[in-house]
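Read off the chains here:
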Amino acid sequence: MARDRTGIELLTVRQVLEELGGVSRRTFYRWRELHLAPACIRLPNGELRVRRDALDAWVEERTEHTGGGVR
C-alpha cells in the first residue's frame, strides 16, 4: 500500500470499494458526482487515491448511533 510523504496510507479506488463491503465502482463515481464520496486525491496520471484517515472519518460521519438506553 502506498503512503504519502507524511506516512499516511493512500488507498486505491478498488481498495476503498472493498473496504466498503463491495460497493460498485459505478456507485462510488456517482457519489463523487453528488459530492457524497470521501475526499479523493487526483494523481498527475489521473488516478484517484483516498487517504486512510479521510476514509475512516467519512465512515464515522455516516455511522448511526442509537440512543443506547433500555426502557
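Predicted, not measured: the structure shown is a model, and the values here were computed from it.

**Examining the nonpolar core**
With 11 residues, the main nonpolar core is built from L11, V13, V16, L17, V23, F28, A37, L48, V50, L55 and W58. Among the elements of the structure, helix 1 (13-19), strand 4 (48-51) and helix 3 (52-61) are those that each provide at least two residues to this core. For this core, the element with the highest residue contribution is helix 1, accounting for 3 residues. Aside from chain neighbours lying at most four places away, what touches L55 is L11, V16, E19, L20, P38 and V50.

**Things to note about helix 3**
For helix 3, every residue scored as buried is listed here: R52, L55 and W58. With its buried residues spanning 130° around the axis, helix 3 presents them on a single face. Elements that come into contact with the buried residues of helix 3 comprise strand 2 (9-12), helix 1, helix 2 (25-33) and strand 4.

**Some details on the UniProt feature "domain: Helix-turn-helix" (unreviewed entry) in the protein**
As annotated by UniProt and renumbered to match this structure, "domain: Helix-turn-helix" (unreviewed entry) occupies residues 10-62. Counting secondary structure, residues 10-62 comes out at 49% helix and 17% strand; the distance between its end C-alpha atoms is 21 Å.

Basis of the calculations
Residues numbered from 1 in each chain as written. Predicted model: local features only at pLDDT ≥ 70, side-chain atom pairs only at ≥ 80, totals over all residues. Heavy atoms only, no water. Core = buried A, V, L, I, M, F, W, Y, C linked by side-chain atoms within 4.5 Å. Buried < 20%, exposed > 50% of the residue type's maximum accessible area, 1.4 Å probe, protein only. Helix = DSSP H or I, 4+ residues; strand = E, 2+ residues; numbered from the N terminus. Contact = heavy atoms within 4.5 Å. Arc of directions from axis to C-beta. UniProt positions renumbered as here; feature names shortened; annotations may be inferred.

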